[in-house]
Amino acid sequence: MNIKTLDLTKLYHVGASEIAAIDRVNFEVNAGEFVAIVGPSGSGKSTLLNLIGLNDYPTSGRILIDDLDASTLSSRKRRRIRLLRMGFIFQSFNLLPTLNSLENVELPMSLLGKSREEQRQNALKLLERVGLSHRLFHRPKQMSIGEMQRVGIARALANNPEVLIADEPTGELDSKTAKEIIALLSEINESEKTTIIVATHDEKIVEVANTLYFIHDGKLKLES
Amino acid sequence: MRLTMMCFRNLAHKKLRTFLCIFGVATAVCFVVAVGATSSRYAAIMSEMGVFFHEDVVVVARNVIVIQGFPIGGTIPQSVVDEMKGLDGVEKVVPMLFDLEFQKGEVSSIMPNNITIGLPIAEWPNIIGSAYLRPGGTLPPQNSTDMIIIGHSIADQYGIFTGSKILLKGRELNVCGIIESPFAFLGRSIIMSLETAQEVLKYPMQISMAIVEPKANVAQEELAVSIENKIANVMALTENERNDLTKPIVDIIQNWNLAIQGIVLFLSMILVTILGMINVSERRREFATLDAIGAPLSYTFRIILLEAMLVGIVGGIIGIAFGSVAAAILASLYTSVPASQFFSSILLIVPPLYMLELFVAVVIMCCIGGIIPAINAARTRIAEVLRAEY
């Protein structure tokens, strides 16, 4: 999946003033790339990921996904793209608390209408891949934060997405667990050629990324 | 199935809140069943009394209260019967004396403890109608003075069988039959000859009412007017007039019943809405996550609606079960009949169709209560929610 933004802008109104969270960003990610977006808190990282991930509408500018202008798509079509072609990894995992690991991973597949058998087989494979085959029936509350993030990654991979969008995936993890998660993301990128876009503070992610962007006050700059 | 399981778990996740909500719905349903079934039953009893003498004119003392042809108090001299027999257009006149015996709370006891009915033995089959006597029971000979038949409810309550002797107001009487009838009125009746009733109830040569059968070509209205014109201090009521006297009472009972049910169910709907709103506001991140991973709006909508429906189903089942027990206890309190007798015929007090209607109504109300929270959940703006967490 190729993602391209053209003069992407997102304005927020705070009282009478207008704040540009994203300011005329031109950005391109090619299939199979591992892109890291680095910047201080409040610089616009999450806003940019929400726009690229079709979770939000830009104030102006365009988002092209494989040359299709996604910035004007209906919310139904955007949802469909997210379900079929994108996977999301969140800083605080956002696992559904009443579902166990297996069910959390099966959820995106069930939304796609896959058979119970297929869901179960794929979920088992994915959880094995992230090293959690011994925690299949544990609920989020019964797992460590590292394990929760692994389940989050397995869930993001459930529908075999072309792009993984991760917002501070190591933000809440200790350094050892963070290292394992980074290694896992890197391995997914290399083995599956899955495009990965990560917003992070973590220097270790920066080290494994192919492309690095720096964002400050909503303006994006290519670092390398 | 998976969604249902997920919703069950979501509800179980907030045990106390869910318990309180289900408790509220169940209490509301319990109240509706108890009050509704009790009042509906009394309305039904009043209506079923209308089945008797439906093609006849009922003559009672002037200015007494009459419920479906049965006067409450007031007597007329038995001599009136002979006067009426001499009128044109009269086919037959049946004198009748009865006494409604209230033991508990008098005014509050809508259903009397027992009803003593005295009428000529030849006319007993007309009162019994389609009911039958339990095996071994027979109607007494015409000239009998100490034979009676009693309703099954009294018989069961006091352990009376065909052949038993009972003492009624100091007079020993022989039970020659037990009536088995779905009518509450007959179930609590003690039927004896008119003379015996006059002696036992101490109304010599008095009757409560006379049932006048018009000749084939005579209209009830015409005969009633003729009776009232020619016989002093009596009131002759046609079938329509009797219905008109009772209908407003039955209508009031039923309308109040309906209004109370509506209000109570509406309040339980509000309760479900509040629970849903609280749940949605606490689970915004969950709904935003579902949206982010591509779940259709209808999926989120269904989760909340299904949760509301489950509250309705569980609350409805519990409420109907407890409400049925409460209805039997209430019926017992108001009639002096032991609750155990009502438990055995609980489906008569709370008919299955009524249970089903109420259950469906509760579930629908709960689903309606879930609509606003469901819309709120489906409207969750993911970017706002997910941005707020960082």
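Residue indices begin from 1 for each chain and proceed along its sequence in written order. The lettering of chains begins at A and the numbering of ligands begins at 1, in the order of writing. The model is predicted, so local features are restricted to residues of pLDDT at least 70 and side-chain atom pairs to those at 80 or more, both for listing and for counting; the totals for chains, interfaces and linings are taken over all residues. As a rule here, side-chain values come from all non-hydrogen atoms in the structure, and water together with hydrogens is ignored.

### Observations regarding the overall build of chain A
The cut-off we apply is this: In this description a helix means any DSSP run of H or I spanning at least four residues, a strand means any run of E spanning at least two, and both kinds are numbered starting from the N terminus. Burial here depends on accessible area, computed with a 1.4 Å probe over protein chains only, as a share of the maximum for the residue type. Under 20% is buried, over 50% is exposed, and the range in between is partly exposed. Any two residues whose heavy atoms approach within 4.5 Å at even a single point are treated as in contact. We get accessible surface area from the Shrake-Rupley algorithm with a probe of 1.4 Å; when it comes to residues, only the shown protein chains can shield them. As used throughout, the charge tally considers Lys and Arg to be positive and Asp and Glu to be negative, leaving His and the chain termini uncounted. Note that the charge is assigned to NZ on lysines, CZ on arginines, CG on aspartates and CD on glutamates.
Check the secondary structure of chain A and you find seven helices and 10 strands. Principal axes of the C-alpha set define a box for chain A whose edges measure 50 × 40 × 35 Å. Split into buried and exposed, the 224 residues of chain A put 58% on the buried side. Partitioning the intrachain contacts of chain A with sequence separation of at least 6 by distance along the chain shows that 70% fall at a separation of at least 24. Here chain A displays about 9500 Å² of accessible surface, and carbon together with sulfur accounts for 49% of that area. Side chains of chain A give 28 positive and 29 negative charges; the mean places of these two sets differ by 6 Å.

### Structural notes on the sheet that holds strand S7 (residues 163-167) of chain A
All names here are of chain A. The test is simple: In short, DSSP must find at least two bridges between two strands for them to pair. Note on geometry: axes are lines fitted to C-alpha atoms, helical ones only across the stretch in contact, with angles between N-to-C directions running from 0 to 180 degrees.
Taken together, six strands build an open sheet; the order of strands is S6-S7-S8-S3-S9-S10 and the sheet is mixed. In this open sheet, the two strands that pair with only one neighbour each are strand S6 (86-89) and strand S10 (219-222). Sheet twist, expressed as the mean angle between neighbouring strand axes with direction ignored, is 20 degrees. Where strand S3 (residues 34-38) meets strand S8 (residues 195-200), five bridges bridge the pair, whose relative direction is parallel.

### A few points about the interface of chain B and chain A
Note the following rule: Put simply, buried area is how much 1.4 Å-probe accessible surface two parts lose in total, over both of them, once they are put together. Here a salt bridge means any side-chain nitrogen of Lys or Arg lying within 4 Å of a carboxyl oxygen belonging to Asp or Glu.
Opposite the 23 residues of chain B that make contact, chain A presents 30 residues. Taking both partners together, chain B and chain A bury about 2600 Å²; carbon and sulfur atoms supply 55% of that area. The tally of links from chain B across to chain A stands at three salt bridges. In this structure, Arg 79 of chain A and Asp 291 of chain B form a salt bridge, with 2.8 Å as the shortest nitrogen-oxygen distance.

### Things to note about the pairing of strand S5 (residues 90-101) of chain B
Residue and element names in this part refer to chain B. Burial of S5 is extensive: nine of the 12 residues sit out of reach of the surface. Alignment of S5 against strand S13 (residues 209-214), held across six bridges, turns out to be antiparallel. The residue bridging Val 93 from the neighbouring strand is Val 212, located in S13. For S5 and strand S6 (residues 114-118), the ladder comprises five bridges, and the chain directions are antiparallel. From the neighbouring strand, Phe 98 faces S6, where its bridge partner is Ile 117.

### Topic: the sheet that holds strand S2 (residues 17-29) of chain A
All names here are of chain A. Spatially, four strands are ordered S2-S1-S4-S5 in an open sheet, and the strand pairing comes out antiparallel. Every other strand in the sheet has two partners, leaving S2 and strand S5 (68-69) as the edge strands with one partner each. Sheet topology places strand S1 (residues 3-14) next to strand S4 (residues 60-65); five bridges connect them, and they run antiparallel. From the neighbouring strand, Thr 9 faces S4, where its bridge partner is Ser 60. With respect to the sheet, helix H1 (residues 45-52) is in contact with S1, S2 and S4, its orientation differing from that of S1 by roughly 125 degrees.

### Notes on the environment of Leu 267 of chain B
Residue and element names in this part refer to chain B. With respect to the secondary-structure elements, Leu 267 resides in helix H9 (residues 239-282). Judged by its relative accessible area of 52%, Leu 267 is exposed. Between the C-alpha atom of Leu 267 and that of Val 25, which follows or precedes it by 242 residues, the distance is 8.6 Å.

### Thoughts on the side chain of Asp 23 of chain A
Definition in use: Counting of polar contacts relies on pairs of N or O atoms within 3.5 Å, with two restrictions inside protein: one atom must be capable of donating a hydrogen and the other of accepting it, and residues adjacent in sequence are counted only when both atoms are side-chain atoms.
For Asp 23 of chain A, the position within the fold is in strand S2. A distance of 3.3 Å separates a polar atom in the side chain of Asp 23 of chain A from a polar atom in the side chain of Arg 24 of chain A.

### Focus: the nonpolar core
All names here are of chain B. Put simply, the test is: Within this scheme, the nonpolar core is defined by two criteria: the residues are buried Ala, Val, Leu, Ile, Met, Phe, Trp, Tyr or Cys, and they are joined through side-chain atoms within 4.5 Å.
Core analysis: the largest hydrophobic core is formed by 65 residues, its most contacted members being Val 59, Met 84, Met 96 and Ile 227. Among the elements that make up this core, the one with the highest residue count is S5 (six residues). For Met 84, the contacting residues outside a window of four places in its chain are Val 59, Val 90, Val 93, Ala 210, Val 212, Ile 227 and Ile 231. With 49 residues, the next largest nonpolar core counts Val 33, Ala 37, Val 272 and Tyr 299 among its residues.

### With respect to the environment of Gly 53 of chain A
Residues and elements named next belong to chain A. Along the chain, the position of Gly 53 falls in the loop between H1 and S4. When the C-alpha atoms of Gly 53 and Lys 176 are compared, they prove to be 28 Å apart, with 123 residues separating the residues in sequence. Not counting residues within four places of it along the chain, the set of residues in contact with Gly 53 comprises Arg 82, Met 86, Phe 88 and Ile 165.

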